Each structure stands twice: as C-alpha cells, then as structure tokens.
Amino acid sequence: MSWDDDNSELLEGFVVESRDALDMIDPLFIEVIECLDEGTEVNSETLNGIFRLFHTMKGSAGFLNLNVIVSVNHEAETLLDLCRNGKAELKKGFFETLLAACDVISNLLCGIESQGTDKNILDTSGILKILKDTIAQINDPSSTSTTTPTPTTTPTPTEELTGDEFSLDFDMLSPEIIEKFVQEGLDLLDEAEGELLSISRGESSEESLELIFRNFHTFKGNCGFMSFSEMQELTHCLESIIEGVKDGDVPINENIINTMLNTADQLKMGLFDLLKGGKGELEDSQSLIDVLTSLKPRSQAKAFDVVESEPVTKTEKKLAAGDKSVLYVEDDPTSRMLVTKILEKNGFHCIACETAESALDVLKNLSADVDVILTDINLPGMSGKEFISEVTSKYNSMPVITLSGDKDRDLLKDLMKLEVYGFADKPVQKDELLQLLQNAITHGMRKKIQSNTSTSAAPSTTSKASKVKRDIRVDLSKLDMLIDLVGELIIAESMVTKHPDLEGLELNGFERAAHRLHLITNELQDIAMAVRMIPVSGVFKKMLRLVHDVSLKIAKPIKLHLEGEDTEVDKVVVDMIADPLVHMIRNSADHGIETPEERLEVGKPEQGTILLAAEQRASEVLIIIQDDGRGLNKEKILEKSRANGLIGDNDESLTDQEICQLIFEPGFSTAAEVTDLSGRGVGMDVVKKNIEQVKGRIEIQNNPGKGCKFIIHIPLTLATIEGMLVKVGTTKYTIPITSIRESLRPAQSMITVRPDGQEFVKIRESMLPVFRLHTLHDLVPDNYDLTQGILIVLDLLDGPICLFVDSILHQVQTVIKSLSGYMGSVKGISGCNILGNGEVALILDPESILKCLPSDLKLVEAG
Amino acid sequence: MSKATEHVEDEDTLKNKYLTFHIGDEDYGISIGYVTEIIGILKVTEVPQTPDYIKGVINLRGKVIPVMDIRLRFGMAARDYDERTCVIVVNHKENVVGLVVDTVSEVLDIPEESIEGSPQFSSNLSNDFVSGMGKVEEQIKMIIDVNSLLFRDSEILESVKASSEN
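The text that follows walks through the structure, step by step, so that each part is easy to find. (Residues numbered from 1 in each chain as written. Chains lettered and ligands numbered in written order. Predicted model: local features only at pLDDT ≥ 70, side-chain atom pairs only at ≥ 80, totals over all residues.)

**Focus on the overall build of chain A**
Okay, step 1: Secondary structure summary: chain A contains 25 helices and 23 strands in total.
Okay, step 2: Counting over 863 residues, chain A shows a buried share of 36%.
Okay, step 3: Within chain A, residue pairs in contact and separated by at least 24 positions form 69% of the contacts whose partners lie at least 6 positions apart. (Helix = DSSP H or I, 4+ residues; strand = E, 2+ residues; numbered from the N terminus. Buried ≥ 20, exposed ≤ 12 C-beta atoms within 10 Å, placed from the backbone. Contact = placed C-beta atoms within 7 Å.)

**Regarding unusual backbone geometry**
Okay, step 1: At Arg764(A), a position not held by glycine, the phi torsion is positive, near 50°.
Okay, step 2: Inspection of the secondary structure assignment puts Arg764(A) in the loop between strand S17 (759–763) and strand S18 (766–772).
Okay, step 3: Taking the number of C-beta atoms within 10 Å as the measure of exposure, Arg764(A) has 5 and is therefore exposed.
Okay, step 4: With a phi close to 65°, Glu94(B) is a non-glycine residue in the positive phi region.

**Overview of the pairing of strand S3 (residues 372–376) of chain A**
Residues and elements named next belong to chain A.
Okay, step 1: Burial analysis of S3 places 5 of its 5 residues in the buried class, the great majority of the element.
Okay, step 2: Neither face of S3 is open: one carries Val-372, Leu-374 and Asp-376, the other Ile-373 and Thr-375, and all of them are buried.
Okay, step 3: Judged from the 4 bridges that link them, strand S1 (residues 324–329) and S3 form a sheet pairing that is parallel. Directly across from Val-329, in S3, lies its bridge partner Thr-375. (Pairing = 2+ DSSP bridges.)

**Observations concerning the environment of His55(A)**
Residues and elements named next belong to chain A.
Okay, step 1: Here His-55 shows up in helix H2 (residues 44–63).
Okay, step 2: The class for His-55 is buried, based on 25 C-beta atoms found within 10 Å.
Okay, step 3: Separated by 19 residues in sequence, His-55 and His-74 place their C-alpha atoms 7.6 Å apart.

**Description of the interface of chain A and chain B**
It is common to report an interface's size as the accessible area lost on association of the parts.
Okay, step 1: On the chain B side, the residues contacting the 26 residues of chain A number 23 residues.
Okay, step 2: Of all the secondary-structure elements, those providing two or more residues to the side of chain A that touches chain B are helix H17 (476–497), strand S22 (829–834) and strand S23 (840–844) of chain A.
Okay, step 3: Looking at the side of chain A that touches chain B residue by residue, the class counts come to 12 nonpolar, 8 polar and 6 charged. (Nonpolar A, V, L, I, M, F, W, Y, C, P; charged D, E, K, R; others polar.)

**What about the nonpolar core?**
Okay, step 1: If you look at the biggest cluster of nonpolar residues, it comprises 76 residues, and the most contacted ones within it are Leu79(A), Leu98(A), Ala101(A), Val547(A) and Ile585(A).
Okay, step 2: A total of 10 residues in this core trace back to one element, the largest contributor, which is helix H4 (residues 92–115) of chain A.
Okay, step 3: Three or more residues apiece are contributed to this core by two domains, here domain 1 (1–154) and domain 5 (534–715) of chain A.
Okay, step 4: In contact with Leu79(A), not counting residues within four places along its chain, are Phe94(A), Leu98(A), Leu131(A), Thr134(A) and Ile135(A).
Okay, step 5: Grouped together as the second largest cluster of nonpolar side chains are 73 residues, Ile735(A), Phe771(A), Leu803(A) and Ile23(B) included. (Core = buried A, V, L, I, M, F, W, Y, C linked by C-beta atoms within 7 Å. Domains from an automatic or database assignment.)

Written out as structure tokens, the structure is:
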C-alpha cells in the first residue's frame, strides 16, 4: 500500500490520534516512574494501558505503511511486554528510554504532517539501538542459549487472542475491514514466525509453542470470519502440527519448521494479494496442505477436544471450518433435536446443551466464541435469564436470542435490559428463526469489530471502560457557526413571540407554546456555549512530563500535583494558557525549588512540590501554580530591575505586589546564569502577554522561604461581554461595563466651556473633559444640549472622561463579534454585537475612542 | 427566459453565468461564482471612519457583514432604499460583502465570446469597475470586476488589501 493524496486525510487522522495517544502515555509513564521511585508496586493495568497505546499506534502506522514509526513502536512494545510479563525487573531506565522513544515518535509525527511520510525525517537508529540493547539485556540472562533475541518475540496482547470465528460473504467486507484483517494477520504471522525461528535456534519453550498456536488459531479464526477458506485450511493444518508438537506427537525438527515458515510465507502472499484487491487465493495451497497433512500426527486435529465431552460432539470439528456457530440451550429433547437439525441443514454449526450450566462450560472451554446463543427461558437449574446475564457480562459481543413460549411482558422487559438481541416465540417458524440468527450474527460481528477497533484499549475492567469519554472532533468554525445560528434563533424567537401584531390579543395557547419554545431555545443556547468548553486536563497532563524532564535535568526531585483538571474553560483559553504554564512551571522548578541539599538544610522534604490547580470562581477561572520553594527574593528583584533600568534608582514606593509583578517585565531575569531551561528573561514576559491576550491577569502571593503562589485569573470565555447599550441618533453602541464609572445628566451649572470649545463637567471635586460621541463618529444626535442627554463617565488609563450620548437603553450581556475583516480595524470600535431585535450595535473600545478625534480637536490636557 | 439559459447546464459553465441587476437605467452583471445569496435590505448599522460607500454593517443570520452601496461606489447619486432594493452577498477571497443595488433581475448565461472588453474612456468612475460588456439580445450588461469593486482605490482598505496579499 503506498501513499497518495487520498490518504492524506487518513494520515492526518493518524497523526492526531497518535498525538492523543502520546499525550495519554506520558502521564502513565510518570505514574510508573513515581511508583518505582516510591518503591510501590506498579499497577499492571497501567503497563497494559501503555502497551495497548503503543500497540494501537503500531497497528495504525502499519496500516499506513509508516514503517519507521512501526519499528520504533514495535521495539517499545517489545520492551514493555517484557516488563509487564514480569520477564524483566522494572527499572526506571526502561521508562526513560521509552519516554525518549515517545519523543522520537512525536518528532516523526511532525515530519509526517509536513511531508506525508515518516521516511528520512530523522535518524531513528539511535533510539532503536537503545531499545534493542535494553531488550537484549533483559533477554540475555533469562534465555539459556545464544544471543540475538529477535524483536518479534512479543506475544500478542490478550485481547487479540480471542479467536473470531465469524463468517460472512466476501462482498460484505469493506476495504477497511480487509486492511485491518491483513494488518492483524501479518502481525500474527510475523510473531509466530519469530517464535518458530527461535525454536529452530533451540530456544524452544512451552510458551513460544503456545504463542504460535494461539497466533495461528486467531489467524485461522479471522480467516474463517472473512471466508478465506484456503488460508483458513492452510492455517488449520499449521495449527494441527503445532498442537501435535505441543502434545509431543510430532517431533520438532528443522524440516517441519521450514515447512511451516514456507506456509507462513504463502499466507502472507495471500494477505498481500488481498490488499491489492485480490481474493486471497494461494498459489499452490493444495500441495502445501498435502505436505502439512503428511506431517500431522493424526488425520484429524483435535483442536476442540475440550468440548468433546459435551452431549453433541459429532459436529465440533466443523467449527474449524468457520461455520456460523450457534450455542443452543434447550431442555426439551424433541425441540432440541428438531432445531439442531434445522440449523445444521442451513449451514449453522450447532452446539446443543441441555442446561445452562453445561452451556456455560462449553463457552468457557471453547477456544473461540460462538457467533450466537439461542436459549430457552425456562430451564431446569439455572434459569435462562440468569444464563443470559452471565453470558452478556462475560462475552458482551455475543448476541443472544431467546426462544420461549412464554409471553410475560415483565420477563421481556428484563430480557431487553440484558441486551438480548431478539426473541423468538415457540413454536418457532423456521425461516423466522434463521433470519433472526443471521441478523444476530451480523450484529454480533459488528459489535466485535467495533470493540476491537474503536477501543483496542478496551480494558477488561468495565468500570474503566465506562469512564472513556466519547467524543468527536469538530471544526471550531463549525461550532462558531452553530453559536451564531443559535443566537439568531433566539432573536428570531423574540421577533415572533413579541411581534407587534400580537399586541392586545388574548392568546393563551400561543403564550404556552411560546413559553415552551423559549425554554428550548434557552437550553439550546446554554449547550451551544458549553460545547466550546473543554477541560484543562489535557494541558495539565502535559505538565507532568515537563516537570519530570526538568526535574531530571536540574537534578532536583520534584513532584507535580494536579487538582481540578476537570475544570472546563473555553477552548481558545485552554490553547492560550498552554505556553504560559510551561514557562511558569519551568520557572518554579528551576528558580523556585531549591536544590535538595538546601531543602534539607531548611528542614523541607527533599522532594519539591509544585501544585497546579484549576478552579472556577464566578465568571473567572483561576489557575494556581504553587511551589514550596524559596519564594521570590524582593531585594534581588529590585536590584535587577534597577540594573536593567526597569525602575528608577530611588523607587521605594513600590508595593510588594508591584515588585513581584516586575518579573513579568521583558528582559527581566534574576538568574545569575542563563541555563538551557530559563534565565533569558523572555519567559515571564511571554506569560504576561499571553495571559493578557485572553484578558486575564496574574496575581502573585509571595511567601519568602516557603514558596510562591501564582494565581492566573482568566475570564471563563472570551466570547461574551457585559455592557451598557447606549444610543446616539439611530446608532447603538455597547460600552463595556468594566470601563463605566457612572452616568449622569449634568445640570447647566456643572458645565464649563473653555475658550477653545472644549467642554468640562464638574463632577464632585474634579473637572472632567466631555467628548461628544456624535462628534467623534460624525453622527446626527437627537439633541446637542448636554443637559438633555446623558454623560457616561469612563475610566481610562489616562484618567476619567465623560462621553456624551443621547440616552442609555439597557444593560446587555452579549456575544462579541468581530467587525468584518474587510473593513479592517476601526478606531474606537472593538467589535460589534447583535441585539435582541437583530440590529447590530458597535462595541466601543474606550481606550482608543479618543484616537478617532479629528486632529484639530485633539484632546487638550485636562489638567 | 432567454435563449441562453436553455442551454444544457454544465457544471463548469458556472463561469459563464451572471447575476444581472439594475442601477439607475443600466444593467450590470456579476459572475455568479462570487454570489452567495441575495437578500432584501436590512437595517444597516453605520460604522464610523469608513468611506461613504461603505454603508455600515448588517446582521446576516448572526454574521456581521459590511455592505457597500454600489451607487456611491460608482460615484452616482444616492437613492433611498425601497422594497425593491437588494443586497447581493458576494464572497471574494474570504471577504464577505453585501452589495446594495437598485433591483436584481435574473441569472443569464453570457458566453465568453459575447463579452467585449470595456471601451477605454475614463469620463466615468464606474468604468473602473467594469471588466467587459456582455451582449445579450441587443442589451448590454456591464460585467462587474469584483476584485476592483472591493479593493481598488479605497484608502481605508489599503491596509487590508496589503495584508491579504502577503
């Protein structure tokens, strides 16, 4: 499979997914390393989680022919597998290596994004060598014989080992399914091959035989499910031989191994043929089968000997042929006979059991799942209901059909809850039953594929599975559009329900309907706004890795505590705080936390702690970064600031807060030396800029000797503004409420006019200059008389001014929209908002409003 | 319906389709490729510090877009808006702008060969914005050059233009 443009979307998806996976891996690694540090036991689920993520990534990469990524992932996976199987003692070094591997992968991903391939982006031989060496080190002492452990010794993760013995028509297979099948098949064969090779080198062990057997078996199951009968048959032969070897019936020798390797090659050829759109036919499968059969211990493999003890055994071996298998539980012998016969006749493989208990045994012992379960409800011993709940909890992808004469509704309801796929009434119609079975099998298969693909990380513990958030990726612009439309809907709603034509009418029914509409639109608006909100956990989790790396680099043990990761913030805000957080946490680690020696000296624990917390308070989100280090040194800051000319030499009037804020000035750094981490005095400056861009501010609580706490205040969303709606002539303006100090209608006595025409108003003891908005914006006001209009006192950086408008309409909370880019930026206007009646109002930018004064009217110093 | 529109409609003949509209006594055409929709005139909010032909902004279903009065852009006398006044919403280089015209008439197929270059005389400012003269059954439709309509000679828009070219 090679790349072309059509694949770029797939590739993009892969990059995004892999990034997510890497993001998920990092915290897991940190967790493991922490466990190792503390000497506590590493949770095997965590290791499995990491393994699965690597494995998934490898699978997808293999799919897309990204061989470099595959190779790195593969080695990482191998190493991990050794770790989780307990073959290697867990060492911190392993995980550092694996973290490095993650970085390499992440770099490769960048390359893929820009170049569409992972080749020639960077040299991965270094990391591969390290990984291989590590693996070799682990393998060496454990294996008795020669060196060169093949990297392909990874047993497949257990979730793949449940054979999928489904079958369906070739036409039903989408290319994706085939690709998936081929990919998985190649993996399985590769692994089996690796094991075979190791056996040929004399490293034969029970385990590798088991693995080969399982791999062949899984592959066979897959072939059966895909209806590739030739490959299936061939694999079946392989399986039989391996079984013979296991049982000691077949002596293992070079000859057999070579034959098996050849067969595996043939199978691979078949797989490649499939990828090219062929039917997976093999060249000379018959001759191979003959050869293999001659090697077989007995003429028939007894892959399913476990179930031979069950009442109906004669058809067991047929399972191998990939029939659709039905587990049929029925206590009535006549029905059992009859239905079994019907099913067998119609190409189903039927395992009939008399009781639920025996059926469960069958299920447990079968090496592969059955496709569908058909069960009676009234059974002796364990009831059908109990049986079903047992089955659905253990084998959740197995569809269940009940067959009963009972039509109790409550029972049906209970069964529905148990996710029973279908119900058939006794006496059953043959066609109906067959149809139902067929549907159920397709359904079960789909479910199985889903659970295999979407959550290849499907953990066995259901509690964890339920925590997995389901989400989709949506273009942000689409979301914005949605929010726009919802806004419009609300406007349209009020245009209809408050339509002037309705005035004075008694419309009870209409009022009720309108009220209902109002409730719905309100909820819709809330949800539309909530859609943009995402939890900060993504950004926070990245910091774990950062602290880990920094702590290694500067040789200070530091632990990062996260709190309130679930706090949700506007997407844009989350993106904007990522960089500042990196800088601030680096600073805390590098400058804030003392060296271990210093810490011990002052009686602090050796390990430094940084707290990263988020919480929502009213309409703000607080992000808190707190370290237990030495705190900010006021004297040093002042000294540095003076040296850098940030403040005057004799500036003694600064408050503590003001002094602390100096660290955010560009070019400020107290570090005596510039390290590769920090010290250039750029970091905090960037922090401040970014935070200001999202209209946030930073508060510092300095506690010399005990640590320092930075609190970032950020508005919950950038999308809304609270403002006062005012009118000048026919034009409406929204003035941000934060800039308004007060508003008043002046009396004539308060007004003074300077000879140059500049008007002043005396408010309490101060004289404030008056600016007429209609003059500034060249409008025709309702009146020109100051005493007939309203003066709005605005708090500007340069001092308060009065803005003259016609009248105040009301307060608004509204969504900010930008003025069209076509018009560029208009002085004095920061954007616009849409009013309840659909009109557009301009949002005044108080700070820049005076800049649009005609030059001959420039503001004269108000002093 | 004119003869022209009876031709088989090919996907790629979109470029030969023109939305025609009147301003004063003259007919104009604008390539249909630019046009996203046609709406009746809405309440326009004036925006300060803009050229007179930018009438202000309107609320197009939650999207705020600027509107340009073509009459003023062409240097013609302003005319009061009535119920026949239309806004043609065009999208050019990601700029969505509403064009106020007297009335909109129909979509015509004007083949390339029946469009002649605009005669060169510069007595009229509006000539700048006309890229050709389309002949449809003895009638002349002046083809609007959307790019120059939106961007030419507009001091206030110079900066935007520059940044969009970068």
